[in-house]
Amino acid sequence: MSNAFNTAKAYLDAGNLVSARRLIEEALERDPHSIEASLLLVSLVDRETGPQAVLDLTADFIPQWPNVIQFRMKRLSALAELEHVEEMRNDLARLRRHFPLFPQAYHFWCGVFEVRFGSLVHAANHLADIQRRGDPSGFALALESLIAVRNADFILNERLVRERLSHGHHDAATIAELSLCEFFNLKITDARRTALLALSQDPRDSTAKAVRVLSWLVWFPPFFFAHLCMLPSGSASADHSKIMQIFLGALDFWLIILLLGAISIIALWPTLWTGLYLLSLFSGWLLWIPLLNAILRFYGRRAKKIQQVDLKDF
């Protein structure tokens, strides 16, 4: 039976939802009260239908298995994605009350709550609490990655994602997240290559699809200039040498100088081509971020999905 569950999970990770559903339904026919099959069913309906279906299923499963924390965590993930703030707050209180032996899980989901709806300072405090207690299941790494994304620190998040990959998380979603980090860190060619690798595992992955499109659009010179302007916002605070921090921190300054210099050219050389050049530069700068966000939304990435953490090592 465990082989069937491993195969079903592999199908889920690869995006083969039809085969995963067939194996899960066969397992539930043999044993309607199988916890493992029910957990896989929740993951399946999340991929097929979305977080509301997760809430509906866990509402049935949690009373049936009140001592299985994985159902609580899947429900918390769905509540965060749907932005049900008060309901998530109440579920966190129940998690702490019903599972006192899992403080790392409690602090992780409190950290998720703070990243989404509260204070990054409080999220960092929960992260420190997890690290102080010990973290055999990877809660700290997942929470630190969420904090880095909220801070737009894609250099730090790239390091964290690579660390997850080194721990064996080779699923398409993690690879796609790496491609997005590489894209924001101006590793455009690497980002496209990584996105294609993620799509070879899961052709449905929305993040990889978005990176594949963005990796072509960004080469339009005004868009590339705007993308370059975004780099220092997440780089100066990352763990670089002092020289690199000074360089990245000064990059915005030099880009502004470049713009002012281009404006002054208009006064000295007011030709049609100069005007068109400056118009395209400013238009690209103004349009790139809305266009980037629109493409990410179009392909379904809302930056709300929580990195799932496995409790098997507890």
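Residues numbered from 1 in each chain as written. Predicted model: local features only at pLDDT ≥ 70, side-chain atom pairs only at ≥ 80, totals over all residues. Heavy atoms only, no water.

### Details of unusual backbone geometry
Of note in this structure, glutamate 83 is not a glycine but carries a positive phi near 60°. Mapped onto the fold, glutamate 83 is located in the loop between α5 (69–82) and α6 (85–98). For glutamate 83, a relative accessible area of 44% corresponds to the partly exposed category. At leucine 186, a residue that is not glycine, the phi angle is positive and equals roughly 65°. With a relative accessible area of 25%, leucine 186 lands in the partly exposed category. (Helix = DSSP H or I, 4+ residues; strand = E, 2+ residues; numbered from the N terminus. Buried < 20%, exposed > 50% of the residue type's maximum accessible area, 1.4 Å probe, protein only.)

### Focus: helix α2 (residues 17–30)
Over its 14 residues, α2 extends 20 Å from the first C-alpha to the last, a length consistent with the 20 Å expected when each residue adds 1.5 Å. For α2, every residue scored as buried is listed here: Leu17, Ser19, Ala20, Leu23, Ile24, Ala27 and Leu28. Within α2, the buried residues cover an arc of 170° as seen down the axis, which keeps them to one side. Opposite the buried face of α2, by more than 90 degrees, sit the exposed residues Val18, Glu29 and Arg30. (Expected span 1.5 Å × (residues − 1). Arc of directions from axis to C-beta.)

### With respect to the packing of helix α11 (residues 172–184) against helix α12 (residues 188–201)
Running from N to C, α11 and α12 point in directions that differ by 165°, and their axes come no closer than 8 Å. In terms of axis orientation, α11 runs roughly antiparallel to α12. Our pair here, α11 against α12, has a crossing hand that is left-handed. Along the contact surface, α11 presents Ala172, Ile175, Ala176, Leu178, Ser179, Glu182 and Phe183, while α12 presents Ile188, Asp190, Ala191, Thr194, Ala195, Leu197, Ala198 and Gln201. (Axes fitted to C-alpha atoms, helices over the stretch in contact; angles between N-to-C directions. Parallel < 35°, antiparallel > 145°, perpendicular 65-115°, else oblique. Left-handed = near helix turned anticlockwise from the far one by under 90°. Contact = heavy atoms within 4.5 Å.)

### Here's the deal with the packing of aromatic side chains
Evaluation of the coordinates by the stated rule reveals 13 aromatic pairs. Taken together, a centroid distance of 6.2 Å and an interplanar angle of 65° make the contact between phenylalanine 99 and phenylalanine 102 edge-to-face. Its relative accessible area of 7% is what places phenylalanine 99 among the buried residues. When its relative accessible area of 23% is taken as the criterion, phenylalanine 102 is described as partly exposed. A network of ring pairs unites the aromatic residues Phe61, Trp65 and Phe71 as a single cluster. (Phe/Tyr/Trp six-rings, centres within 6.5 Å; stacked < 30°, edge-to-face > 60°.)

### Concerning the environment of leucine 41
Mapped onto the elements of the fold, leucine 41 is located in helix α3 (residues 35–48). Leucine 41 sits in the buried class, given a relative accessible area of 14%. Separated by 17 residues in sequence, leucine 41 and isoleucine 24 have C-alpha atoms that sit 6.6 Å apart. Residues within four places of leucine 41 in sequence aside, it is in contact with Arg21, Ile24, Leu28, Leu57 and Phe61.

### A word on the nonpolar core
Side chains of nonpolar character tend, in soluble globular proteins, to be buried together. Of all hydrophobic cores here, the largest spans 52 residues; its most connected members are Leu41, Phe71, Met88, Phe108 and Trp109. When residues of this core are assigned to their parent elements, the largest contribution, 8 residues, is made by helix α7 (residues 103–117). Residues Phe154, Ala176, Phe184 and Ile188 belong to the second largest nonpolar core, which totals 26 residues. (Core = buried A, V, L, I, M, F, W, Y, C linked by side-chain atoms within 4.5 Å.)

### Remarks on the environment of glutamate 48
Counting through the fold element by element, glutamate 48 comes out in helix α3. A polar atom in the side chain of glutamate 48 sits 2.7 Å from the side chain of arginine 21. (Polar contact = N/O pair within 3.5 Å; in protein donor to acceptor, adjacent residues only side chain to side chain.)

### Considering the confidence of the model for the chain
Overall, the prediction assigns the chain a mean pLDDT of 81, with 78% of residues at 70 or greater. Counted against residues more than four places away or in other chains, residues 232–240, with its pLDDT under 50, gives 20 contacts. Per-residue pLDDT stays below 50 along residues 301–306; that stretch engages in 18 contacts with residues further than four places along the chain or on separate chains. (pLDDT = per-residue confidence, 0-100.)

### Considering the environment of arginine 159
Relative to the assigned elements, arginine 159 resides in helix α10 (residues 154–166). Considering only alpha carbons, one finds arginine 159 and serine 145, 14 residues apart in sequence, at a separation of 9.2 Å.

### Structural notes on the side chain of serine 145
Structurally, the position occupied by serine 145 is in helix α9 (residues 139–150). For serine 145, the side chain forms a polar contact with the side chain of glutamate 177, separated by 3.4 Å. Beyond its immediate sequence surroundings of up to four residues, serine 145 is in contact with Asn157, Leu160, Arg164 and Glu177.

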